[in-house]
Amino acid sequence: MREPFWTGQCIREVTGSGRGRPSHYAEPVNFAPPSTVLFDLDGTLADTVPLIVATFKRTVSELLGWEPTFDQCKEWIGRSLNETFTRLAPGRADELTAHYLEWNLAQHHAYVRPFDGVAELIDALHAAGRPFGVVTSKRHDSALLSLECVGLTGRVPLLATEEDTTAHKPSPEPLLHALRRVGADPADAVYVGDAVVDMQAAQAAGMRSVGVTWGAASVEELTAIEPTAVVHDVAELQTLLGL
């Protein structure tokens, strides 16, 4: 069975709770730097989780008459809006999506913040000449706005969004679509994300998966899906990627 990593080390046992670091470590395990790096956007490169949760709560409360919990909202992160709203209210997905996007787009600049170290990570990828990009379940306009809010406009050479494929995470199709666009081999590529569906999509695509703990999912949720690696901050991610 594959074992996940904690900042470049195998986890043998997780004894803490929440987002705390595990107290038991194995010997370091080699992680060969990938030739191609793909990133999720929400909760990975951009701190959008507070906005997403607030928008889900507002949309569901106003149109469906009940307010989802924080944990319920987190479970929807990483999936397409159409899929999420179709499950919640069959036949009303278009109405819910339009309501969601109207408020979400208007509030981007008030809510969305960059994560420390992400700009430097992107600089390092450019300097290394390593192919990289973003694969997100967001719609194109929304993804561009999120990138703008964190200072990454024009700095991400590949952007794959909801409109590019008919299937979405946890399906591997968005990742395979992005890899085809850059002519990359899944076996020599990695997907970095903060949600369980990110890890599932990478595994289904035959890629290595790196979970980040500064977004939606907890350490326990990420390690339960057995990603290739888990990192606690952007500096650790940059080291793991060999940059």
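Residues numbered from 1 in each chain as written. Predicted model: local features only at pLDDT ≥ 70, side-chain atom pairs only at ≥ 80, totals over all residues. Heavy atoms only, no water.

J.: Would you mind going over the environment of Asp-164 with me for this structure?
T.: Following the sequence through the fold, Asp-164 ends up in the loop between β8 (159-160) and α8 (173-182). Classification of Asp-164 as partly exposed rests on a relative accessible area of 34%. Residues Asp-164 and His-177, spaced 13 residues apart in sequence, show a C-alpha to C-alpha distance of 8.0 Å. Leaving out residues up to four positions away in the same chain, Asp-164 has contacts with Leu-159, His-177 and Arg-181. (Helix = DSSP H or I, 4+ residues; strand = E, 2+ residues; numbered from the N terminus. Buried < 20%, exposed > 50% of the residue type's maximum accessible area, 1.4 Å probe, protein only. Contact = heavy atoms within 4.5 Å.)

J.: Would you take a moment to explain the packing of helix α1 (residues 49-64) against helix α4 (residues 93-106) for this structure?
T.: When two helices pack together, their arrangement is given by the angle between the helix axes and by the axis-to-axis distance. Two numbers describe how α1 lies on α4: the axes approach to 9 Å, and their chain directions differ by 135°. Considering their axes alone, α1 and α4 lie oblique with respect to each other. Crossing handedness for the pair α1 and α4: right-handed. Between α1 and α4, the contacting residues are Leu-51, Ile-52, Ala-54, Thr-55, Phe-56, Arg-58, Thr-59, Glu-62, Leu-63 and Leu-64 on the first element and Glu-95, Leu-96, His-99, Tyr-100, Trp-103 and Asn-104 on the second. Residues of the contact of α1 with α4, tallied by class, amount to nine nonpolar, four polar and three charged. (Axes fitted to C-alpha atoms, helices over the stretch in contact; angles between N-to-C directions. Parallel < 35°, antiparallel > 145°, perpendicular 65-115°, else oblique. Left-handed = near helix turned anticlockwise from the far one by under 90°. Nonpolar A, V, L, I, M, F, W, Y, C, P; charged D, E, K, R; others polar.)

J.: Could you clarify how one ought to interpret the pairing of strand β10 (residues 208-212) in this entry?
T.: Each regular strand carries side chains that alternate between the two faces of the sheet. Within β10, five of the five residues are buried, leaving the element largely enclosed by the surrounding structure. Residue alternation in β10 divides its side chains into two sets, Arg-208, Val-210 and Val-212 and Ser-209 and Gly-211, and both sets are buried. In the classification by handedness, the crossover that spans strand β9 (residues 189-193), the intervening helix α9 (residues 196-205) and the parallel β10 is right-handed. Relative to strand β11 (residues 229-231), β10 runs parallel, the two being bridged by three bridges. Considered in β11, the bridge of Val-210 is made with Ala-229. Regarding the hand of the β-α-β motif, the stretch spanning β10, helix α10 (residues 219-224) and β11 is right-handed. (Right-handed = clockwise from strand over helix to strand, strands pointing away. Pairing = 2+ DSSP bridges.)

J.: Would you mind showing me how to read the nonpolar core here?
T.: Most often, soluble globular proteins have nonpolar side chains that are buried together. Of all hydrophobic cores here, the largest spans 35 residues; its most connected members are Val-37, Phe-39, Val-210 and Leu-237. Discounting chain neighbours no more than four positions away, the residues touching Val-210 are Phe-31, Val-190, Tyr-191, Val-192, Gly-193, Met-199, Ala-229, Val-231, Leu-237 and Leu-240. (Core = buried A, V, L, I, M, F, W, Y, C linked by side-chain atoms within 4.5 Å.)

J.: I'm lost on the environment of Gly-154 in this one. Help?
T.: Note on placement: Gly-154 falls in the loop between α7 (140-149) and β8. Measuring from C-alpha to C-alpha, the distance between Gly-154 and Leu-144 comes to 9.3 Å, with ten residues separating the pair along the chain.

J.: When you look at the environment of Val-156 in this model, what are you seeing that I'm missing?
T.: Within the secondary structure layout, Val-156 lies in the loop between α7 and β8. Its relative accessible area of 13% is what places Val-156 among the buried residues. With residues up to four places along the chain from it excluded, the contact list for Val-156 reads Phe-132, Gly-133, Val-134 and Leu-147.

J.: Looking at this model, I keep getting lost on the packing of aromatic side chains. Mind explaining?
T.: The description of an aromatic ring pair uses the distance of the two centres, along with the angle that the planes make with each other. Taken as a whole and assessed by the stated rule, the structure comprises six aromatic pairs. Residues Trp-103 and Tyr-111 carry aromatic rings whose centres are separated by 5.9 Å and whose planes lie at 65° to one another, so their mutual orientation is edge-to-face. Owing to a relative accessible area of 31%, Tyr-111 belongs among the partly exposed residues under this scheme. Taken together, the ring pairs connect Phe-56, Trp-76, Phe-85 and Tyr-100 into an aromatic cluster. (Phe/Tyr/Trp six-rings, centres within 6.5 Å; stacked < 30°, edge-to-face > 60°.)

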